[in-house]
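Analysis of the macromolecular model
Now for the letters of each chain:
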Amino acid sequence: MGDGCPVAEAILQRLARGDRAAVQSCLDAYGGLVWSLALRQSPSRADAEDVVQDIFVELWRTAERYDPSKGTEATFIATIARRRLIDRRRTRVRERRRIVPVADLEVESIPSQEHERIERFADAMLARKALRSLPPDRRRVLLLSVDQGLTHEQIAQATGLPMGTVKSHLRRGLQTLRNLLHGSSEDKAEAS
Amino acid sequence: MSAPTDRLSELLTEELERPLTQDEEGEVHALLASHADWSRDDMVWAAAAATSASALSAIEPMPKELRERILSEAADHLPAPVHELPARPEPQPSSPWLPWSVAAAAALAAVVGWSRPPVEVRVEVEKVPPPVVEPSPAERLSALTASASTLIRWEASATEDPLAGEARGEFVWSPGRQEGFMVFEGLPANDPEQAQYQLWIFDDTRRAEHPVDGGVFDVGQDGQIVVPIHAAIKVRKPKLFAVTVEAPGGVVVSERKHIVVLGQPPQAL
């Protein structure tokens with residue numbers, strides 16, 4: 001796992017050394033990803049802008065903790081983004097979320113010309129394959145969680161599935177991804 | 001998949017949703033100890049990879065203004081730049097002729113020394129790098145004032161409290177880095193066994209009854225100190241720094257019996 005391109009891999013190490021120029025590189029490489037994640041899970045653009053600033057402040061401070069053996073830089077940054085977005089979600093009071101129709105939550109194909117641009121997102125590409133391989137119900141539940149940021153309870157409401165089934169789908173879906181990222185041949189074969 | 005792994009993945013998935021209970025924590029520790037191929041953040045990384053995957057097909061460029069804001073504030077949060085020293089030249093391999101040439105040079109020096117006034121002989125000793133020393137608070141303060149883009153510097157002055165002495169100085173605070181220092185002189189020395197000074201930071205975004213704990217500190221006999229500020233939580237909009245005298249170790253909520261030093265924005269004085 002963690003097969004990001006060498007140039008991208010160096011960004012977090014440079015940040016950890018206090019290299020100011022690496023900030024530009026980081027925003028070039030991952031600014032769009034973080035911004036897009038924030039947009040998808042925030043009630044407004046203003047909220048998205050706030051949380052993106054928080055995410056990058058945390059990244060500047062914690063870049064040294066990145067361990068390439070765990071995954072790509074993009075995934076490390078996404079762990080920070082997810083945590084910040086979840087924190088925001090939990091602190092929002094009486095939030096009325098726009099729940100995307102489940103049918104719209106499909107893993108779209110990527111135009112071939114973009115493949116090169118997203119090489120640095122090796123983990124995400126692997127995860128994309130895995131998501132496609134999941135049974136439809138499991139995939140929908142997982143996407144409602146990771147893409148929409150819904151709680152287990154909200155997912156149960158949105159899908160009409162019992163809470164236990166929601167949890168089970170999530171666990172199994174994430175475990176498939178986890179095994180794939182860890183190089184389990186069985187899961188890789190299933191995903192490809 | 002074995003049942004224990006099922007349980008482990010169940011708990012780690014649950015942890016993505018809510019903090020685990022103490023019992024669950026114990027269970028996770030035990031299960032991780034017996035499953036070396038698992039780590040605590042496996043599901044966090046899996047979920048993050050899935051999150052990225054879901055966003056890949058619709059990545060939007062970050063708005064230019066937001067990018068500029070992030071760029072302008074980044075320097076406040078990055079670690080200090082590390083300057084790498086040039087590599088030391090490799091030592092030359094010793095020559096079998098070296099002892100002889102040294103002896104010859106010594107003999108020549110002895111002869112010359114007879115006939116000429118003594119000259120200073122300089123022996124080149126390899127310089128040993130000094131041991132790594134943590135920068136002092138004063139050095140860290142200098143680094144902060146030199147590098148932080150935004151800095152609050154408020155005069156510190158003694159109150160009327162009899163324990164305040166002739167205290168004066170400055171509060172220095174970087175909102176961006178959430179880091180700062182108190183620079184005092186004239187503050188009476190304390191006996192840490194009896195009482196300690198404690199800093200409170202009043203944040204305009206919080207209720208005044210709950211200022212942010214800025215940490216406890218001691219003052220020695222010379223009364224001149226530079227003390228790092230250790231804010232317990234993020235300070236969003238500081239409006240007042242206050243130093244109180246408290247029981248050893250500090251308190252969670254001050255009774256404010258002895259407020260000895262205050263620091264406020266100039267316009268508020």
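Residues numbered from 1 in each chain as written. Chains lettered and ligands numbered in written order. Predicted model: local features only at pLDDT ≥ 70, side-chain atom pairs only at ≥ 80, totals over all residues.

1. Some words on the overall build of chain B
Looking only at helices and strands, chain B has 6 helices and 8 strands in total. In chain B, the succession of helices and strands from N to C terminus is α-α-α-α-α-α-β-β-β-β-β-β-β-β. Burial statistics for chain B: of 269 residues in total, 26% are counted as buried. Sequence separation of at least 24 residues holds for 59% of the intrachain contacts in chain B that already meet a minimum separation of 6. (Helix = DSSP H or I, 4+ residues; strand = E, 2+ residues; numbered from the N terminus. Buried ≥ 20, exposed ≤ 12 C-beta atoms within 10 Å, placed from the backbone. Contact = placed C-beta atoms within 7 Å.)

2. Brief notes about the overall build of chain A
The helix and strand inventory of chain A stands at 9 helices and 0 strands. Starting at the N terminus and ending at the C terminus, chain A contains elements arranged as α-α-α-α-α-α-α-α-α. Taking all 192 residues of chain A together, the buried fraction comes to 46%. Long-range pairs, those at least 24 residues apart, make up 69% of the contacts in chain A with a sequence separation of at least 6.

3. A word on the sheet that holds strand S8 (residues 259–263) of chain B
Pairing between sheet strands relies on hydrogen bonds along the backbone, with the strands arranged either parallel or antiparallel. Residue and element names in this part refer to chain B. An order of S5-S4-S7-S8-S1-S2-S3-S6 is seen for the 8 strands of this open sheet, with the pairing classed as antiparallel. Two strands lie at the open edges of the sheet, namely strand S5 (212–217) and strand S6 (225–229), each paired on one side alone. Shown here is a sheet whose adjacent strand axes are inclined to one another by a mean of 20°, direction ignored. (Pairing = 2+ DSSP bridges. Axes fitted to C-alpha atoms, helices over the stretch in contact; angles between N-to-C directions.)

4. Some thoughts on the interface of chain B and chain A
Across the boundary between the two partners, chain B contributes 38 residues, which contact 54 residues of chain A. When residues of the side of chain B that touches chain A are assigned to their parent elements, the largest contribution, 14 residues, is made by helix H3 (residues 42–55) of chain B. Along the lines of polarity and charge, the residues of the side of chain B that touches chain A split into 25 nonpolar, 7 polar and 6 charged. (Nonpolar A, V, L, I, M, F, W, Y, C, P; charged D, E, K, R; others polar.)

5. With respect to the pairing of strand S4 (residues 196–203) of chain B
Residue and element names in this part refer to chain B. Where burial is concerned, most of S4 is hidden: 7 out of the 8 residues are buried. Pairing analysis gives 8 bridges linking S4 to strand S7 (residues 238–246), with the strands arranged antiparallel. Bridge pairing links Gln196 to Glu246 in S7. Direction of pairing for S4 relative to S5: antiparallel, over a ladder of 5 bridges. When the bridges of S5 are listed, Ile201 appears paired with Val212.

6. Concerning the packing of helix H8 (residues 163–181) of chain A against H3 of chain B
Following both chains from N to C, one finds H8 of chain A and H3 of chain B inclined at 95°, their axes separated by 9 Å at the closest point. Comparing the axis directions of H8 of chain A and H3 of chain B gives the class roughly perpendicular. Listed contacts from H3 of chain B to Leu174, Leu177, Arg178 and Leu181 of chain A of H8 of chain A are Asp42, Met43, Trp45, Ala46, Ala47, Ala49 and Ala50 of chain B. Classifying every residue of the contact of H8 of chain A with H3 of chain B gives 9 nonpolar, no polar and 2 charged. (Parallel < 35°, antiparallel > 145°, perpendicular 65-115°, else oblique.)

7. So, helix H6 (residues 136–146) of chain A
Here H6 of chain A lies mainly inside the structure; 9 of its 11 residues are buried. Arg138, Arg139, Arg140, Val141, Leu142, Leu143, Leu144, Ser145 and Val146 of chain A are the residues of H6 of chain A that are buried. On its buried face, H6 of chain A is in contact with helix H5 (122–133), helix H7 (152–159) and H8 of chain A together with H3 of chain B.

8. What to know about the environment of Ala80 of chain B
Relative to the elements of secondary structure, Ala80 of chain B occurs in the loop between helix H4 (64–74) and helix H5 (98–115). Sequence separation between Ala80 of chain B and Ser147 of chain B is 67 residues; the distance between their C-alpha atoms is 8.6 Å. Not counting residues within four places of it along the chain, the set of residues in contact with Ala80 of chain B comprises Gly18 of chain A together with Ala143 of chain B.

9. Section: helix H2 (residues 21–41) of chain A
Across its 21 residues, H2 of chain A extends 29 Å between first and last C-alpha, which sits within 8% of the 30 Å expected from 1.5 Å per residue. Within H2 of chain A, the axis deviates most sharply at Tyr30 of chain A, by approximately 55°. (Expected span 1.5 Å × (residues − 1). Bend = angle between axes of the 7 residues up to and from the residue.)

10. What about the nonpolar core?
Residues Val34 of chain A together with Ala49 and Ala50 of chain B are the most contacted members of the largest nonpolar core, which totals 72 residues. For this core, the element with the most residues is H2 of chain A, which contributes 11 residues. Setting aside anything within four residues of it in sequence, one finds Ala49 of chain B in contact with Gly71, Thr75, Asp123, Ala124, Leu126, Ala127, Leu177 and Leu181 of chain A. If you look at the next biggest cluster of nonpolar residues, it comprises 31 residues, including Val216, Ile229, Val260 and Leu262 of chain B. (Core = buried A, V, L, I, M, F, W, Y, C linked by C-beta atoms within 7 Å.)

11. Here's the deal with the confidence of the model for chain B
Residues and elements named next belong to chain B. Residue-level pLDDT values for chain B average 78, and 78% of them are 70 or greater. Averaged pLDDT values for the elements of chain B fall to 42 in H5 and rise to 94 in S8. Within the model, the stretch residues 84–128 combines pLDDT values under 50 with 1 contact to residues more than four positions away or in other chains. The ipTM value of the predicted complex is 0.79, and its pTM value is 0.54. (pLDDT = per-residue confidence, 0-100.)

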